[in-house]
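Working through the structure, step by step
Here's the letter readout for the chains.
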Protein chains: 2
Amino acid sequence: MAGDRFVGPAPLSVLVDALKRLPGVGAKSAQRMAYHLLQHDPHGARMLGQALGDAVDRLRHCARCNTFTESEICETCASPRRDASLLCVVETPADQNMIEASHSYNGLYFVLMGRLSPLEGVGPNEIGFDRLLARATDGQVREVILATNFTTEGETTAHYLAELLRAQGLGVTRLARGVPAGSELEYVDAGTIAWALMDRRAP
Amino acid sequence: MAGDRFVGPAPLSVLVDALKRLPGVGAKSAQRMAYHLLQHDPHGARMLGQALGDAVDRLRHCARCNTFTESEICETCASPRRDASLLCVVETPADQNMIEASHSYNGLYFVLMGRLSPLEGVGPNEIGFDRLLARATDGQVREVILATNFTTEGETTAHYLAELLRAQGLGVTRLARGVPAGSELEYVDAGTIAWALMDRRAP
């Protein structure tokens, strides 16, 4: 639309363009964000500007699990209380946080920072499966738990990794599929019910 | 949710918190944005950081119309080709851009940078109607066109301003309400049809 073309002073249009680089932020949202920050939260704008620079300057990838960290090795990987025979593979640090929040896993992680997506041109080389392979075959890992998402891309990634890792003689498991906790069957989608039936177990 | 509580190195959690200050960005989106920038667009992160600082440092409000500008008076207000007898009142610079994009207005503007919203504690003092009043009564303005949004808050603002400005002897008009261009009646809401009937005109 014509109205989406931004007209305004240079520092404002540069800011709107920069905000459009954020995922999920289009022309209209970027404008709204810029106006909001300038009008109601200039302090927040400065804080965000500082935080962006700091994060890019100070964070790097953990040499063992690939998550973001300020050190060579992240806190989780450095912890002696973690079970080094278990390695859980997730797509993002957000997924890792969710698993930690379940308080039911005490092993280590490998964070892919992505997933296979042939349609978007993301293959095994782009994800860096060689680093995962090196990590998983360190002699300590016995079981790799694939906890990629249950989307098409996540499932594709899990299938690919399962073959790759099994070929190395590693035990490979996948998070259970089924009915979510607290949900009513009436509102669960048919595909999930089909999975839950297939994978049914003794109560 | 427990998983919304962010766990990670300090520069990352500071960045996630700062991103949450953006309007419409919650905990999950902020995390996704942070991971995206760090993993796929560190250059974009630096650009955004720089743009935020620049915008806050270099932009101020136009002394005449209240929009964002680098100068004392914005380009529109400074233009000799504009009709100084017309003053169009809008809520945001984005609204002003939309009116400019229609290529059917040649007067000047006043940008409220907000609207009355009693429920959110935004009254006439918070919006600074005194500045609008001073601007509209400069002796040159003959007609004030109220172009606030057609939402509850925008309509409230327009009603309030209409009384305020008419009391000064100014001509006050409001953007026409009616059926949007290119739309089929079948898909237009009943309230709009009711307006269009009330305000019907010779074809």
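Chain A is annotated in an unreviewed UniProt entry as Recombination protein RecR of Pigmentiphaga kullae. What UniProt states about chain A under its Function (unreviewed entry) heading is, verbatim, "May play a role in DNA repair. It seems to be involved in an RecBC-independent recombinational process of DNA repair. It may act with RecF and RecO."

**Describing the overall build of chain A**
A count of helical and extended segments in chain A gives nine helices and six strands. In terms of overall dimensions, chain A is more spread out than a globule: its C-alpha atoms have a radius of gyration of 22 Å, far above the 17 Å expected for 203 residues. C-alpha extents for chain A along the principal axes are approximately 65 × 50 × 35 Å. For chain A, the residues scored as buried account for 41% of the 203 residues in total. Here the analysis covers contacts within chain A between residues at least 6 apart in sequence; of these, 49% occur between residues at least 24 apart. If you sum the accessible surface of chain A, you get close to 10,900 Å²; carbon and sulfur atoms cover 52% of it.

**Considering the UniProt feature "domain: Toprim" (unreviewed entry) in chain A**
Taken from the UniProt record, the annotation "domain: Toprim" (unreviewed entry) applies to residues 85–180 of chain A. Between the end C-alpha atoms of residues 85–180 of chain A there is a gap of 28 Å, over a span that is 38% helix and 20% strand.

**A word on the interface of chain B and chain A**
With 54 residues of chain B at the contact, the number on the chain A side is 54 residues. Taken together, both faces of the contact between chain B and chain A bury some 4,800 Å²; the carbon and sulfur share is 73%. Here chain B and chain A share four salt bridges between them. Here B:Arg46 makes a salt bridge to A:Asp57, at a shortest N to O gap of 2.8 Å. Viewed at the interface, chain A and chain B are joined by six residue pairs in polar contact (both at pLDDT 80 or more). Going through the elements one at a time, helix H1 (10–19), helix H2 (27–40), helix H3 (42–58), strand S2 (68–69) and helix H5 (93–101) of chain B are the ones with two or more residues in the side of chain B that touches chain A. For the side of chain B that touches chain A, the element with the highest residue contribution is H3(B), accounting for 16 residues. For the side of chain B that touches chain A, the residue count by class is 33 nonpolar, twelve polar and nine charged.

**Details of the relation of the copies chain B and chain A**
Overlay of chain B on chain A (RMSD 0.1 Å): rotation 180°, translation along the axis 0.1 Å. In short, the pair behaves as if placed about a two-fold rotation axis. Judged by C-alpha distance, B:Gly49 is the residue of chain B that lies nearest the rotation axis, at 1.8 Å. Mapped onto chain A, 100% of the interface residues of chain B again fall at the interface, so both copies present the same surface.

**Observations concerning the pairing of strand S6 (residues 171–174) of chain B**
In this sheet, S6(B) lies alongside strand S5 (residues 143–146) of chain B in parallel orientation, the contact comprising four bridges. Considered in S6(B), the bridge of B:Glu143 is made with B:Gly171.

**With respect to H2(B)**
For H2(B), with 14 residues, the first-to-last C-alpha span of 20 Å sits near the 20 Å given by 1.5 Å per residue. Taken residue by residue, H2(B) has B:Ala27, B:Ala30, B:Gln31, B:Met33, B:Ala34, B:Tyr35, B:Leu37 and B:Leu38 as its buried positions.

**Some remarks on the domain arrangement of chain A**
Parsing chain A into structural domains produces domain 1 (10–58) and domain 2 (73–171). Placing a centre on the C-alpha atoms of domain 1 of chain A and another on those of domain 2 of chain A gives a separation of 33 Å.

Criteria and thresholds
Residues numbered from 1 in each chain as written. Chains lettered and ligands numbered in written order. Predicted model: local features only at pLDDT ≥ 70, side-chain atom pairs only at ≥ 80, totals over all residues. Heavy atoms only, no water. UniProt positions renumbered as here; feature names shortened; annotations may be inferred. Helix = DSSP H or I, 4+ residues; strand = E, 2+ residues; numbered from the N terminus. Rg over C-alpha atoms; globule rule 2.2 N^0.38 Å. Buried < 20%, exposed > 50% of the residue type's maximum accessible area, 1.4 Å probe, protein only. Contact = heavy atoms within 4.5 Å. Areas by Shrake-Rupley, 256 points an atom, 1.4 Å probe, with all protein chains shown as cover. Buried area = accessible area lost by both parts, 1.4 Å probe. Salt bridge = Lys/Arg side-chain N within 4 Å of Asp/Glu carboxyl O. Polar contact = N/O pair within 3.5 Å; in protein donor to acceptor, adjacent residues only side chain to side chain. Nonpolar A, V, L, I, M, F, W, Y, C, P; charged D, E, K, R; others polar. Least-squares fit on C-alpha atoms with pLDDT ≥ 70 in both. Pairing = 2+ DSSP bridges. Expected span 1.5 Å × (residues − 1). Domains from an automatic or database assignment.

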